[in-house]
Amino acid sequence: MHNFQSDRSPAIIILDFGSQYSELIARRIRETEVYSLVMSHTTSAEKLRDLAPKGIILSGGPKSVYEEAAPICDAAIWRLGIPILGVCYGMQLMVHQLGGLVEPATGKAEYGKAPLQVDDPKELLTNVASGSTMWMSHGDSVKSLPEGFVRLAHTSNTSEAAIAAHSRRLYGVQFHPEVVHSTDGMLLIRNFVYHICGCEPDWTTTAFIEEAISNVRSQVGKKRVLLALSGGVDSSTLAFLLHKAIGDQLTCMFIDQGFMRKGEPEFLMEFFDQKFHINVQYINARERFISKLEKITDPEQKRKIIGTEFIRVFEEESARLGPFDYLAQGTLYPDVIESAATNIDSKTGERVAVKIKSHHNVGGLPKDLQFKLVEPLRRLFKDEVRKVGRSLGLPEEIVSRHPFPGPGLAIRILGEVTNEKLNCLRDADLIVREEIKKGGLYHDVWQAFAVLLPVCSVGVMGDQRTYAWPIVVRCVSSEDGMTADWSRLPNDLLEIISNRIVNEVKGINRVVFDITSKPPGTIEWE
Ligand code: XMP
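Residues numbered from 1 in each chain as written. Predicted model: local features only at pLDDT ≥ 70, side-chain atom pairs only at ≥ 80, totals over all residues. Heavy atoms only, no water.

1. A look at the side chain of Thr43
Okay, so step 1: By secondary structure assignment, the location of Thr43 is in the loop between β2 (36–40) and α2 (45–51).
Okay, so step 2: Residue Thr43 is classed as buried on the basis of its relative accessible area, which comes to 10%.
Okay, so step 3: From its side chain, Thr43 meets the backbone oxygen of Ser40 in a polar contact 2.6 Å long.
Okay, so step 4: With sequence-adjacent residues up to four places away left out, Thr43 is seen in contact with Leu15, Leu48 and Asp74. (Helix = DSSP H or I, 4+ residues; strand = E, 2+ residues; numbered from the N terminus. Buried < 20%, exposed > 50% of the residue type's maximum accessible area, 1.4 Å probe, protein only. Polar contact = N/O pair within 3.5 Å; in protein donor to acceptor, adjacent residues only side chain to side chain. Contact = heavy atoms within 4.5 Å.)

2. Remarks on the packing of helix α5 (residues 205–220) against helix α11 (residues 382–391)
Okay, so step 1: With their axes 10 Å apart at the nearest point, α5 and α11 run at an angle of 80 degrees to one another. When the axis of α5 is compared with that of α11, the two are roughly perpendicular. Contact residues: Thr205, Phe208 and Ile209 in α5; Lys387, Val388 and Ser391 in α11.
Okay, so step 2: For the contact of α5 with α11, a count of residues per class yields 3 nonpolar, 2 polar and 1 charged. (Axes fitted to C-alpha atoms, helices over the stretch in contact; angles between N-to-C directions. Parallel < 35°, antiparallel > 145°, perpendicular 65-115°, else oblique. Nonpolar A, V, L, I, M, F, W, Y, C, P; charged D, E, K, R; others polar.)

3. Observations concerning the domain arrangement of the protein
Interface size is often expressed as the accessible area that is lost when the parts come together.
Okay, so step 1: The assigned domain composition of the protein is domain 1 (12–196), domain 2 (205–398) and domain 3 (418–513).
Okay, so step 2: Here domain 1 and domain 3 have C-alpha centroids that lie 48 Å from each other. (Domains from an automatic or database assignment.)

4. Looking at the pairing of strand β20 (residues 447–452)
Okay, so step 1: Taken across its 6 residues, β20 has 6 buried, putting it largely inside the fold.
Okay, so step 2: Burial of the side chains of β20 extends over both faces: Gln447, Phe449 and Val451 are buried on one face and Ala448, Ala450 and Leu452 on the other.

5. A few points about the site of the ligand
Okay, so step 1: Taken together, 14 residues are adjacent to the ligand, and Arg303, Gln447, Lys518, Ile523 and Glu524 come closest.
Okay, so step 2: Arg303 is positioned such that a nitrogen or oxygen atom in its side chain is 2.7 Å from an oxygen atom of the ligand.
Okay, so step 3: Here a nitrogen atom of the ligand sits 3.3 Å away from a polar atom, N or O, in the main chain of Gly406.
Okay, so step 4: Burial of the ligand by the protein chains amounts to 77% of its free accessible area of 500 Å².
Okay, so step 5: Each residue belonging to the shell around the ligand can be placed in one class, and the counts come to 5 nonpolar, 6 polar and 3 charged.
Okay, so step 6: Mapped onto the domain boundaries, the shell around the ligand takes at least three residues apiece from domain 2 (205–398) and domain 3 (418–513). (Near = heavy atom within 4 Å. Areas by Shrake-Rupley, 256 points an atom, 1.4 Å probe, with all protein chains shown as cover.)

6. Regarding the confidence of the model for the protein
Okay, so step 1: A residue-level look at the protein finds 92% of positions with pLDDT of 70 or above and a mean pLDDT of 91.
Okay, so step 2: Scored below 50 in pLDDT, residues 340–346 makes 16 contacts in the model with residues more than four places away or belonging to other chains.
Okay, so step 3: Within the model, the stretch residues 351–364 combines pLDDT values under 50 with 50 contacts to residues more than four positions away or in other chains. (pLDDT = per-residue confidence, 0-100.)

7. With respect to unusual backbone geometry
Okay, so step 1: Cis peptide bonds are those with omega within 30 degrees of zero, and the linkage from Gly322 to Pro323 qualifies with 10 degrees.
Okay, so step 2: Secondary-structure assignment places Pro323 in the loop between α9 (299–321) and β16 (326–328).
Okay, so step 3: The peptide bond linking Pro519 to Pro520 adopts the cis configuration, its omega dihedral lying at 10 degrees.
Okay, so step 4: On the secondary structure map, Pro520 appears in the segment after β24 (508–513).
Okay, so step 5: Positioned with a positive phi, Asn127 is a non-glycine residue whose angle comes to about 65 degrees.
Okay, so step 6: By the element assignment, Asn127 lies in the loop between β7 (117–118) and β8 (133–138).
Okay, so step 7: With a phi close to 55 degrees, His277 is a non-glycine residue in the positive phi region.

8. Quick notes on the sheet that holds strand β11 (residues 162–165)
Okay, so step 1: Strand order in the open sheet made by the 8 strands is β2-β1-β3-β4-β12-β11-β10-β7, with mixed pairing throughout. With partners counted over all chains shown, the strands left at the sheet margins are β2 and β7, one partner each.
Okay, so step 2: The pairing of strand β1 (residues 12–16) with strand β3 (residues 55–58) spans 4 bridges and is classified as parallel. Paired with Ile13 across the bridge in β3 is Ile56.
Okay, so step 3: Contacts from helix α3 (residues 89–97) reach β3, β4 (84–87), β11 and β12 (170–173), with the element oriented near 115 degrees to β4. (Pairing = 2+ DSSP bridges.)

Rendered as structure tokens:
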């Protein structure tokens, strides 16, 4: 899929059969400090033999093994001699392909928590307590085991809840040890990776940084690298990592489109450029962006205009500061798993930019502006990026900051964007963040911010009638931004926020609190 040539081999490979939990399994394995990767279930046994993982995990999946279009794996993997753990669908496939029987669990489908009765408390189930909760989600069950397999555990509904063919080092569990509801799930995962597969806990932040630095140095040699710094945790961590690896060969470009939060451009320049002496070119493009948005009210059009303008500025400035051979991007592992179409340079095997990461909101780079990519974070999950950032010396202020959209405050002002509205919103936004921090809630919530609505309503201040804009306070909790719930902020905190905004922000006479979850709402308003 992409260039792993200079990367270490995964100790555990997860073959993905379409489960929503495949990525989660990879994260859990990495929590044990063992490097794991998700690969397609179509990966051949030969390829797996070449990669030589210490263990393979077959993920769950939505299909039934006896359906015609059910995804299967190369039957030769059972003979590789590498320990294999099948999870849910993965276990059923193991049974099915090795001559056992899987059938619909008539009337006995099992969803949710189930106490596990351990029959064989060794190897895979060492220290897993009998009666401990495991999370089940299956409509099919194993009816008969293939030759050489024994039962390790059962539940009241499922007689074969965990199975093994010890001599062949093949294991299966009907439940999901990777989800948090499975209380001893991590114990089972540790038993598999350490004791059965013999993995070492060597996937550490320090090891990652050392490897990444050495890989970047050998990839770029003496060539120059350009990085579009946004101030988010990914591009900031990347800047630190690259600076450590290649020093002055790195040029960061910070495009100020005028839609940043209050004090943010100053903070970033002071931090990166002055304090850490990382070469950051500050590009003041405020006028260009705001003038392009004049009279524009449609949110999609706003995004498009901002994206197009970003490309123009990026092109002009990279030509002025360049030439550069490489473009550094903060691509993370989930982007790599998800990105279907990537261009590979046929000569070097390196990835070539066809698309700048979505947070820059750029649809695509023009053909003649093709850089080779440097993406040292592409093996990391977000929480791993934070660890790396911290270890490289990034302050908490950057490492654990809330997500911020690429088009910035421009999409948090509904309707036309003007400097007056931007100033109001910046002040209100700062108050929201300050008070959430003072209340000790900043790290408990996913995002907390202000939105400005372009409608006026009547108010009264002193003896004066006012007719001014409202601010919406939006504060949500979320795991990944895909779904979200509105945060139940204490009333006293809401009162302080409301009072401060109305008193301190000229042009605002009303504050409302958004109590919509996602779905049906979105987190941003636009
Ligand atoms: P929505 O509004 O779709 O947002 O519920 C989900 C998450 O995505 C963030 N978001 C963006 N992030 N570029 C980004 O990098 C964008 O254009 C963008 N738009 C929304 C949003 O802040 C929330 O965390």
